[in-house]
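# Structure at a glance
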Amino acid sequence: GESVGLHLPTLSVQEGDNSIINCAYSNSASDYFIWYKQESGKGPQFIIDIRSNMDKRQGQRVTVLLNKTVKHLSLQIAATQPGDSAVYFCAENILGGSQGNLIFGKGTKLSVKP
Amino acid sequence: EAGVVQSPRYKIIEKKQPVAFWCNPISGHNTLYWYRQNLGQGPELLIRYENEEAVDDSQLPKDRFSAERLKGVDSTLKIQPAELGDSAVYLCASKKRETQYFGPGTRLLVL
């Protein structure tokens with residue numbers, strides 16, 4: 001479940017299983033969303049994005065689902081591998097706005113057990 | 001294509017000392033961002049540049065933080081004087097179209 005402060009929500013999965021990471025975004029005007037993966041000691045790495053005129057987008061082993069009604073975003077990782085272990089952040093953005101800035105959600109730590 | 005380059009990767013200083021971080025964005029990316037990331041949290045924007053112009057510095061603590069991007073390419077972020085609470089990872093990102101690409105960050109520890 002959700003945690004406060006320094007304690008990240010953690011998802012622990014077995015290697016080969018599918019992972020689902022959830023994110024609630026805050027601004028109903030946001031129209032562009034990104035998932036980032038951040039490994040220890042590294043900067044966030046782009047995984048996949050989706051615009052608000054879509055509700056699903058697939059990449060290689062990853063799928064992002066967007067539910068604008070409840071302002072919810074999810075990242076599905078198929079056949080999770082040890083290399084997927086990292087902290088995952090969702091971010092929202094208002095395209096075309098004067099700011100064009102990303103607002104990051106709370107991260108989720110994914111731990112993959114071999 | 002080379003990614004966003006940042007230096008130094010690590011920096012340890014005593015409080016009240018100055019410190020500077022450098023960023024070289026991806027070639028051709030006109031938008032550059034500086035973020036601060038505290039432990040266990042997502043990055044928070046400090047400043048955004050469009051070419052050499054700082055178009056959003058509303059979150060930059062201007063009493064001690066400054067930034068510049070003189071020729072619209074490289075950028076530096078400076079803290080003077082540093083405080084204990086400035087210990088964090090300072091991330092630089094550059095953008096092409098909608099997607100921001102991040103550098104590895106500079107890990108700052110203020111003692």
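Residues numbered from 1 in each chain as written. Chains lettered and ligands numbered in written order. Predicted model: local features only at pLDDT ≥ 70, side-chain atom pairs only at ≥ 80, totals over all residues. Heavy atoms only, no water.

The next thing to look at is the overall build of chain B. Helices and strands together make up the secondary structure of chain B, namely zero helices and 11 strands. In chain B, the succession of α and β elements from N to C terminus is β-β-β-β-β-β-β-β-β-β-β. Over its C-alpha trace chain B gives a radius of gyration of 13 Å, about what one expects of a compact globule, namely 13 Å for 111 residues. For chain B, the spread of C-alpha atoms along the principal axes amounts to about 40 × 25 × 20 Å. Burial analysis of chain B (111 residues in total) assigns 47% to the buried set. Long-range pairs, those at least 24 residues apart, make up 51% of the contacts in chain B with a sequence separation of at least 6. (Helix = DSSP H or I, 4+ residues; strand = E, 2+ residues; numbered from the N terminus. Rg over C-alpha atoms; globule rule 2.2 N^0.38 Å. Buried < 20%, exposed > 50% of the residue type's maximum accessible area, 1.4 Å probe, protein only. Contact = heavy atoms within 4.5 Å.)

Turning our eyes to something else, we now look at the overall build of chain A. Per the secondary structure count, chain A includes zero helices and 10 strands. Each helix and strand of chain A, placed in order from N terminus to C terminus, yields the pattern β-β-β-β-β-β-β-β-β-β. Across the 114 residues that make up chain A, the buried fraction comes to 39%. A separation of at least 24 residues holds for 53% of the contacts in chain A among residues at least 6 apart in sequence. Total accessible area on chain A is roughly 6,000 Å²; 48% of this is exposed by carbon and sulfur atoms. (Areas by Shrake-Rupley, 256 points an atom, 1.4 Å probe, with all protein chains shown as cover.)

This next bit is on the environment of A:Gln60. Residues and elements named next belong to chain A. Mapped onto the elements of the fold, glutamine 60 is located in the loop between β5 (56-58) and β6 (62-67). The exposure class of glutamine 60 is exposed, given its relative accessible area of 76%. Separated by 34 residues in the primary sequence, glutamine 60 and serine 26 have C-alpha atoms spaced 27 Å apart.

Moving on: the state of the cysteines. All names here are of chain A. For the structure on display, the rule yields two disulfides over all chains. Each disulfide pairs two cysteine sulfurs, and for cysteine 23 the partner residue is cysteine 90, the sulfurs being separated by 1.6 Å. Taken as a pair, cysteine 23 in strand β2 (residues 19-24) and cysteine 90 in strand β8 (residues 86-93) lie far apart in primary sequence, 67 residues in all. The buried category is assigned to cysteine 23, whose relative accessible area is 7%. (Disulfide = S-S within 2.5 Å.)

At the junction of the two partners, chain A supplies 23 residues and chain B supplies 22 residues. Carbon and sulfur atoms supply 49% of the area that chain A and chain B bury against each other, a total of about 1,600 Å² over both sides. Ionic pairing is found between B:Glu98 and A:Arg51, a salt bridge with its closest N-O pair at 2.4 Å. Our count for the contact surface shared by chain A and chain B stands at eight residue pairs in polar contact (both at pLDDT 80 or more). At the level of elements, β3 (32-38) and β4 (45-51) of chain A are the ones that each hand at least two residues to the side of chain A that touches chain B. Among the elements that line the side of chain A that touches chain B, the one with the most residues is β3(A), at four residues. Split by residue class, the side of chain A that touches chain B holds 11 nonpolar, nine polar and three charged. (Buried area = accessible area lost by both parts, 1.4 Å probe. Salt bridge = Lys/Arg side-chain N within 4 Å of Asp/Glu carboxyl O. Polar contact = N/O pair within 3.5 Å; in protein donor to acceptor, adjacent residues only side chain to side chain. Nonpolar A, V, L, I, M, F, W, Y, C, P; charged D, E, K, R; others polar.)

The subject of this paragraph is the sheet that holds strand β1 (residues 5-7) of chain B. All names here are of chain B. Taken in spatial order, the four strands of this open sheet run β1-β3-β8-β7, and their pairing is antiparallel. Pairing within the sheet leaves two strands with one partner each, and these edge strands are β1 and β7 (65-68). Strand-to-strand, the axes of this sheet are offset by a mean angle of 15°, without reference to chain direction. With four bridges connecting them, β7 and strand β8 (residues 75-79) associate as antiparallel partners. Counterpart to serine 66 in the pairing with β8 is lysine 78. (Pairing = 2+ DSSP bridges. Axes fitted to C-alpha atoms, helices over the stretch in contact; angles between N-to-C directions.)

What follows concerns the nonpolar core. Judged by nonpolar contacts, the single largest core of 21 residues is most densely connected at B:Phe21, B:Trp34, B:Leu77, B:Ile79, B:Tyr90 and B:Leu108. Of all the elements in the fold, those that place two or more residues in this core are β3 (19-24), β4 (31-37), β5 (44-50), β8, β9 (88-96) and β11 (106-110) of chain B. Excluding residues within four positions of it along the chain, B:Leu108 makes contact with B:Lys11, B:Ile13, B:Val19, B:Phe21, B:Ile79, B:Asp86, B:Ser87, B:Ala88 and B:Tyr90. Core analysis: the next-biggest nonpolar cluster, separate from the first, contains 19 residues, A:Val13, A:Cys23, A:Tyr88 and A:Val112 among them. (Core = buried A, V, L, I, M, F, W, Y, C linked by side-chain atoms within 4.5 Å.)

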